[in-house]
Amino acid sequence: MLNRKKLRKGGKEMRKKVLAVLLAAAMALPTVTVWGAEGKKELTVWHYYTEDGKLDSLNTIKEEFEEENPDYEVVYTYIPRDEMDKQYSMGAVSGELPDIMLVDICTAAVYVEMGICADITDYFNEWEDKDKFLEQPMSAMSKDGRVYGIPQNVNSLAVYYDKAAFKDAGIESEPTTWDELLDVCATLKEKYPDKFPFGFSANDNEEGTFQFLPFFFSTGATLEEFGSDAGVKALDLWKTMVDEGYVSKDVVSWGQSEVKSQFEAGNVLMEVNGSWDIAQMKIDVPDKEIGVFQIPKDSEYASILGGEGFAMSTSCEDPEIGWNYLKTLGSGKNIAEFAEASACFPARTDGEEYSDYWTSDEQMAVFNEAVKNAKVRGPHARWTEISEEISGAIQAVLTGAKDAKTAMGEAQEKINSIMES
């Protein structure tokens, strides 16, 4: 059994910082609670899922948990995704937190640093499934050898392309390297001068960082080497594609949804995006023949890891019951079913024992390979600040305000300072 006082111990200094932010924040938005019943103890779970497949999966987990824990009723509370961080931050000060928290893999370290995620190491180490989780997402839910949550699903980026455009331009094979990518862009631009051969999100937020990092990591550089010659080469590639007209100058304001829209409209012939778009594109552009290939490499294939996990909060009154929910949610079957329903990938190594979806579907199979080469962002409690430096450098270079060497060198100094603090 875990010591409850230890579970509830918060990060005092971090809470002071959070409080200062919250004093200037707007009142929290009201939430909508679904699924609940009288006469039983409640296990509260916050989430931001809206898709039917994801909600069906959560309901399946609820039913299974309640059958095994008949004295408890799972109460799911929906909170808009863009409000979730504020709600957790306010809860860190007020103590009003759910028993179970849905967290983005990218920001899990922030909540661990706040002291609102319970240390579940002892429970996890006694679990027979403990070795079945992927290393990268597991690292995002851990700190200093201690475990603070269960990764549930992961995703990554690859390149969608218009097969008809490739065929009409006489392009016989998908590009695998940066040089081949530039050659394909040149061929497509010659064939379709009014279109953009390539597209990506380079806006000034996490999406721009998310889409740039696969190119950066492909050079073999690390964030501690952000301004190195290897790292600079990645941003120079992006700048070259913009300067040559292979990529629209407007990418500095495009989010991932805008990139998808431009691709669907035929204005962009190749686009960087995630597997989550596959199902919707089949609905949006059913007659468009779409192929997928891994992001072309410099020295090695690389992608970036997205996804989510669940943590038990330090406010959970019964850690044993909280762990039972996490264990139910984290079973091989439940994780595989959720991943398939959401066009993502299981955060466990045994997903293919439950479904062949990730290998039998031609497009998903490419993303399945990309996941194997994907790196997690951070994990770091101040990842948001690090990401801002990366996206800021991208903006400066693509708008012509600075050259890549200068922008990335300045960003590296700030990134190193953040990571060393």
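Residues numbered from 1 in each chain as written. Predicted model: local features only at pLDDT ≥ 70, side-chain atom pairs only at ≥ 80, totals over all residues. Heavy atoms only, no water.

We now examine the sheet that holds strand β8 (residues 157-162). The strands that make up a sheet pair up through hydrogen bonds in the backbone, lying either parallel or antiparallel. With antiparallel pairing, the 3 strands of this open sheet are ordered in space as β9-β8-β10. Either end of the sheet is taken by a strand with one partner, and the two such strands are β9 (270-274) and β10 (290-293). Each neighbouring strand pair of the sheet contributes to a mean axis angle of 35°, computed without reference to strand direction. The pairing of β8 with β9 spans 5 bridges and is antiparallel. Paired with Leu157 across the strands is Gly274, a residue of β9. (Pairing = 2+ DSSP bridges. Helix = DSSP H or I, 4+ residues; strand = E, 2+ residues; numbered from the N terminus. Axes fitted to C-alpha atoms, helices over the stretch in contact; angles between N-to-C directions.)

Here the structure, examined in full by the defined rule, presents 26 salt bridges. For Lys62, the salt bridge goes to Glu73, with nearest N and O atoms at 2.7 Å. Residue Lys62 is located in helix α3 (residues 52-68), and its partner Glu73 is located in strand β3 (residues 72-78); the two are separated by 11 residues in the primary sequence. You'll find Lys62 and Glu73 in the same group, each marked buried. Two residues, Asp361 and Lys282, come together in a salt bridge whose shortest N-O distance is 3.8 Å. Pair noted here: Asp361 is in the loop between α16 (357-360) and α17 (362-372) and Lys282 is in helix α13 (residues 278-284), with a separation of 79 residues, a long-range link. Classification of Asp361 by relative accessible area gives buried; the value is 19%. Using a relative accessible area of 48% as the deciding quantity, one classes Lys282 as partly exposed. A single salt-bridge network, built from bridges that share partners, covers Arg81, Asp104, Glu206, Glu308 and Arg377. (Salt bridge = Lys/Arg side-chain N within 4 Å of Asp/Glu carboxyl O. Buried < 20%, exposed > 50% of the residue type's maximum accessible area, 1.4 Å probe, protein only.)

Before going further, it helps to spend a moment on the pairing of strand β11 (residues 303-312). Counting buried positions along β11 yields 10 of 10 residues, so the element is predominantly enclosed. Bridging between strand β4 (residues 100-104) and β11 involves 5 bridges; their strand directions are antiparallel. Residue pairing across strands places Leu102 opposite Phe310, the latter belonging to β11. With 3 bridges joining them, β11 and strand β13 (residues 374-376) adopt parallel strand pairing. Across the sheet, Leu305 pairs through a bridge with Val376, a residue of β13.

It is worth spelling out the side chain of Ser275 at this point. Structurally, Ser275 is set in the loop between β9 and α13. A polar contact of 2.7 Å, which involves the side chain of Ser275, links it to the backbone oxygen of Ala343. Discounting chain neighbours no more than four positions away, the residues touching Ser275 are Ser156, Tyr160, Ala343, Cys344, Phe345, Met364 and Phe367. (Polar contact = N/O pair within 3.5 Å; in protein donor to acceptor, adjacent residues only side chain to side chain. Contact = heavy atoms within 4.5 Å.)

Glancing now at the environment of Tyr354. Examined against the element boundaries, Tyr354 turns out to sit in the loop between β12 (345-346) and α16. With relative accessibility at 43%, the residue Tyr354 sits in the partly exposed group. Spatially, the C-alpha atoms of Tyr354 and Asp144 are 32 Å apart, while their sequence positions differ by 210 residues. In this structure Tyr354 touches Gly332, Lys333 and Ala336, once residues within four positions along its chain are discounted.

In this section: helix α10 (residues 206-218). Taking 1.5 Å per residue, 13 residues should reach 18 Å; α10 reaches 19 Å between its end C-alpha atoms and fits that length. If you check which residues of α10 are buried, you get Gly208, Thr209, Phe210, Gln211, Phe212, Leu213, Pro214, Phe215, Phe216, Phe217 and Ser218. A distance of 2.9 Å separates the backbone nitrogen of Glu207 from a side-chain oxygen at the start of α10, and that oxygen is part of Asn205. Trailing α10 by a residue or two, Gly220 shows a phi angle of about 90°, which is positive. (Expected span 1.5 Å × (residues − 1).)

Space inside the largest pocket adds up to approximately 1,400 Å³. Surrounding the largest pocket, 46 residues form its lining, Arg81, Asp104, Glu207, Gln256 and Glu308 being those nearest its centre. Looking at which element gives the most residues to the lining of the largest pocket, the answer is helix α4 (residues 81-94), with 6 residues. In terms of residue class, the lining of the largest pocket is built from 15 nonpolar, 16 polar and 15 charged. (1 Å grid on protein atoms, 1.4 Å probe; cavity = no way out; pocket = protein on both sides within 12 Å on 5 of 7 lines; lining within 4 Å. Points joined across faces, edges and corners; volume = space filled by probe spheres on them. Nonpolar A, V, L, I, M, F, W, Y, C, P; charged D, E, K, R; others polar.)

The subject of this paragraph is unusual backbone geometry. In this chain, Gly378 is followed by Pro379 through a cis amide linkage whose omega measures -10°. Relative to the helices and strands, Pro379 resides in the loop between β13 and α18 (383-398). Phi at Asp144 is positive, roughly 50°, even though this residue is not glycine. Position of Asp144 among the secondary structure elements: in the loop between β5 (142-143) and β6 (146-147). Look at Asp144 and you get exposed, because its relative accessible area is 73%. Even without glycine at this site, Ala343 takes up a positive phi of about 55°. Its location among the elements puts Ala343 in the loop between α15 (332-341) and β12. Judged by relative accessible area, which is 7%, Ala343 ranks as buried.

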